[in-house]
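Each chain is listed here by its residues.
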Amino acid sequence: MDKAKSGKKLKGGKVGLALITPYLILTIVFWCIPFAWSFILAMQKWNMMSPAKYVGLKNFIKIFSDKLFFISLRNTFQFIGVFIPLCVAISLLIAWTIYKVKKAPSFFLISFLLPYVTAGVAYAVIFSRLFAHDGVVNVFLRAINLNIPFFTDPRIAMSSIALLVVWKIMGYYALIFYAGLQAIPQSIYDAALIDGATGTQTFFRVTIPMLNASFVTILIFAIALSVNIFTEPFLITDGGPFFSTHTFVFWTYKTTFELLRAGQGSALAIITASISFGLVFIVRKFVEKEVQL
Amino acid sequence: MMGKEKIKPGHKQMNKMMQYLVLCILLLLALLWLYPYIWVTIASVKNETDITGSGLLPSKPMTLGHYKFILSTAAEIGRTPFGRAFFNSFFISSTVTVFVILIGGLAGYSLAKHEFPGRKFLTNFIIFQMLFPTILFLVPVFLVIKNLHMIDTYQGMILPFVASAWAVFLFYQFFKGIPNDLIESVRIDGGRELLIIFRIMFPLSKPIITIIGMFIFMQRWDEYLWYIVLNKKNAFMPMTNLLAGYMKSYGENLGAQMAGVIFLTFPIIVLFIIFRKSFTRGITMTGLKG
């Protein structure tokens, strides 16, 4: 396919190589070397000052036998459990509604997308105030005699953070769904209509399966985001209360740059990446399907 | 059931009433989504006690004191003023953006339009690179920067991000679609390769440059974790880190935090509104291709 489109390639190997050289040099220094180094580091005990010591898989064993490993895993899954279903449902619903109503679609898409450009630090500041025990949200909840300790109750702190991230990222996913909806050919809907399918049937039997590619993309993005969450728990709750927002990236950061254990930190980063890969693999295996037009 | 209106296939004509109701709900939701911005804008000019208090309406007159504090008073008591941090953020983000486009453009062009040993391998390698999360690189890249003696420098916060596999890939895809005749006609006239790139390829790829530029700039502007690792010096501190510092260490000064949020978010919102078309195109492009 790539031949047919561009025809023959221009010759002149030297020029071609010269043009890509800046990229290659930088990639070797800031990608290839660090990539290899992280695996070497993971098998060392090193405080970044005195000489490093080879310890084999000890770093990994230490992490897996640490209570914090299960706590971080539990927190990550609590986040995923709230964030992914909620965010996918809302964004699909919004995208579908915008698509159906057909009134000012770009206005709505842009409004929902706006939070996406906001820095994590900025909305951590805003929401730690809005959701505080005397913040605006609780002022409204007081009307129904409720006061939710969003960030101070260890049982719900991680879910509260998930809510903020839904606010931030929902518009992005809605846009992906919207593009997916627009890509569904009308002829398929015609066929369903002729077959006498009801609106609900059409939605679940035609629309949802046709959006498979969008679902897979969103799930992969959402998993990467969930496993790598850092700024919000670091700034809003500092991993607490009682380690209830202690995440893997948070742990990696603390271990490496506060406890100065570069080896263990690298091992943690590798574990974090592996969890991310594992979950993406599961999505690819069980959700991704070839959709035949 | 459907009256005389043209049937839009797949969309049963919604009841008019129903449609307006849905539209209203959608509008309310959009407002809810925008509410935090409205709130923070008002909070930034409220009196300190009005921000911490539970009242929704201000009880004391509005003030620009918080802005004055973060811009000048902070410096007098030995903190980095926001103006300086604003410059740092802008300088770092725009430098990275320019380099990502230059380096990525050259590399993408080379992969798309040149034949050289290892081209196939490099193309696959760039796709391979995009698979790995950045957390994997946090510790070793910090050590590389440390060994290059670039901790606490601008270079240290710029160099690790100027080679973007994602940008190369987008350029590569774009240039593949440009016919070779165009390039060859210039070549026959004795045009040099760099001339082709800067006179033809880059101008042609304006849409893709805008997308890459927008996303890279926004990413750098919003960055936090990498900067706390790579820089401890107040003079070079980007705005995200300064604001986080206000939040972590000077928790009492809420008005200053809100004014800081305005500085951090509004430039990027203005950019977003100007380039919204490229932005949404960028998202749908990556969304559809997966």
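Residues numbered from 1 in each chain as written. Chains lettered and ligands numbered in written order. Predicted model: local features only at pLDDT ≥ 70, side-chain atom pairs only at ≥ 80, totals over all residues.

Colleague: What's the story with the overall build of chain A in this structure? I'm lost.
Modeller: Counting secondary structure elements, chain A contains 14 helices and two strands. Each of the 293 residues in chain A was classed as buried or not, and the buried ones make up 42%. Within chain A, counting contacts between residues at least 6 apart in sequence, those at least 24 apart form 69% of the total. (Helix = DSSP H or I, 4+ residues; strand = E, 2+ residues; numbered from the N terminus. Buried ≥ 20, exposed ≤ 12 C-beta atoms within 10 Å, placed from the backbone. Contact = placed C-beta atoms within 7 Å.)

Colleague: Just to check I follow, could you spell out the overall build of chain B for this structure?
Modeller: On a plain count of helices and strands, chain B comes out with 15 helices and zero strands. When burial is assessed residue by residue, chain B has 42% of its 290 residues classed as buried. The long-range share in chain B, meaning contacts at least 24 apart out of those at least 6 apart in sequence, stands at 73%.

Colleague: How should the interface of chain B and chain A be read in this particular structure?
Modeller: Between chain B and chain A, the contact holds 78 residues from the first and 86 residues from the second. A per-class count over the side of chain B that touches chain A returns 54 nonpolar, 16 polar and eight charged. (Nonpolar A, V, L, I, M, F, W, Y, C, P; charged D, E, K, R; others polar.)

Colleague: Explanation requested: helix α8 (residues 157–183) of chain A in the structure shown.
Modeller: Helical geometry note: an α-helix holds 3.6 residues per turn, so side chains three or four residues apart project in the same direction. Its 27 residues give α8(A) an end-to-end C-alpha distance of 39 Å, which sits within 8% of 39 Å, the value for a rise of 1.5 Å per residue. At A:I169, α8(A) shows its strongest bend, of approximately 45°. (Expected span 1.5 Å × (residues − 1). Bend = angle between axes of the 7 residues up to and from the residue.)

Colleague: Help me understand unusual backbone geometry, please; the structure alone is not making it clear to me.
Modeller: Glycine aside, residues mostly have negative phi angles, and peptide bonds mostly take the trans form. Residues and elements named next belong to chain A. Cis geometry marks the peptide bond from G240 to P241; its omega dihedral reads -10°. By the secondary structure assignment, P241 is in the loop between α12 (231–237) and α13 (248–258). Phi is positive for K102, close to 60°, though the residue is something other than glycine. Of note, K102 is situated in the loop between α4 (67–101) and α5 (105–113).

Colleague: Just to check I follow, could you spell out the domain arrangement of chain A for this structure?
Modeller: It is common to give the size of an interface as the accessible area that goes away when the parts come together. Residue and element names in this part refer to chain A. Per the domain assignment, the segments making up chain A are domain 1 (9–58) and domain 2 (61–286). When each unit is reduced to the centre of its C-alpha atoms, the spacing between domain 1 and domain 2 is 32 Å. Of the residues lining the interface, 10 residues belong to domain 1; the matching set on domain 2 comes to 10 residues. Looking at the side of domain 1 that touches domain 2, the elements with two or more residues in it are α2 (13–41) and β1 (44–45). Class assignment for the residues of the side of domain 1 that touches domain 2 results in five nonpolar, three polar and two charged. (Domains from an automatic or database assignment.)

Colleague: Before we go on, may I ask you to explain the nonpolar core in this structure?
Modeller: Inside soluble globular proteins, nonpolar side chains tend to come together where they are buried. In this structure, A:A174, B:I212 and B:L243 are the most contacted members of the largest nonpolar core, which totals 159 residues. Top contributing element to this core by residue count: α8(A), with 18 residues. Structurally, this core is a two-domain feature, drawing no fewer than three residues from each of domain 1 (9–58) and domain 2 (61–286) of chain A. Contacts of B:L243, omitting those with residues within four sequence positions, involve A:V121, A:A122, A:V125, B:Q257, B:G260, B:V261 and B:L264. (Core = buried A, V, L, I, M, F, W, Y, C linked by C-beta atoms within 7 Å.)

Colleague: Could you clarify how one ought to interpret the confidence of the model for chain B in this entry?
Modeller: Caution applies to low-pLDDT parts of the model: their predicted coordinates are not meant to be read in detail. Residues and elements named next belong to chain B. Considering every residue of chain B, the mean pLDDT works out to 85; 88% of them sit at 70 or more. Below pLDDT 50 for its whole length, residues 1–10 participates in 11 contacts with residues either more than four positions away or in separate chains. Among the prediction metrics, the complex's ipTM stands at 0.89, with pTM recorded as 0.90. (pLDDT = per-residue confidence, 0-100.)

Colleague: Where do I start with helix α3 (residues 65–76) of chain B in this structure?
Modeller: All names here are of chain B. For α3, the full list of buried residues reads H66, F69, I70 and A74. Along the long axis of α3, the arc covered by the buried residues comes to 90°, so they all point the same way. Seen from the open side of α3, the exposed residues pointing more than 90 degrees away from its buried face are S72 and E76. Contacts from the buried residues of α3 go to α4 (82–113) and α14 (254–274). Two residues or fewer after α3 comes G78, characterised by a positive phi angle close to 85°. (Arc of directions from axis to C-beta.)

Colleague: Looking at this structure, I do not really get the environment of A:I20. What am I missing?
Modeller: Summarising the element assignment, A:I20 is placed in helix α2. Apart from the residues lying within four places of it in its own chain, the contact partners of A:I20 are B:L106, B:A107, B:S110, B:L111 and B:L122.

Colleague: When you look at the confidence of the model for chain A in this model, what are you seeing that I'm missing?
Modeller: Summing up the model confidence of chain A, the mean pLDDT is 89 and the portion of residues at 70 or higher is 95%. Note that pLDDT drops below 50 for residues 1–7 of chain A; the model gives that stretch seven contacts with residues more than four away or on any other chain.

Colleague: How should the packing of helix α6 (residues 120–130) of chain A against α14(B) be read in this particular structure?
Modeller: When two helices pack together, you describe them by how their axes are tilted relative to each other and by the distance separating the axes. Where α6(A) contacts α14(B), the axes come no closer than 9 Å and their chain directions differ by 140°. As far as their axial angle goes, α14(B) and α6(A) are oblique. When you trace α6(A) past α14(B), the crossing you get is left-handed. For the pair formed by α6(A) and α14(B), the contact residues are A:V121, A:A122, A:V125, A:I126 and A:R129 on the first element and B:L254, B:Q257, B:V261, B:L264 and B:T265 on the second. (Axes fitted to C-alpha atoms, helices over the stretch in contact; angles between N-to-C directions. Parallel < 35°, antiparallel > 145°, perpendicular 65-115°, else oblique. Left-handed = near helix turned anticlockwise from the far one by under 90°.)

Colleague: For this particular structure, what's the right way to read the environment of A:I25?
Modeller: Considering the arrangement of structural elements, one finds A:I25 in helix α2. Expressed as a C-alpha distance, the spacing of A:I25 and A:T272, which sit 247 residues apart in the sequence, is 27 Å.

Colleague: Would you explain the environment of A:F108 in this entry?
Modeller: Mapped onto the secondary structure, A:F108 falls in helix α5. In contact with A:F108, other than residues within four places in its own chain, are A:I98, B:L26 and B:A30.

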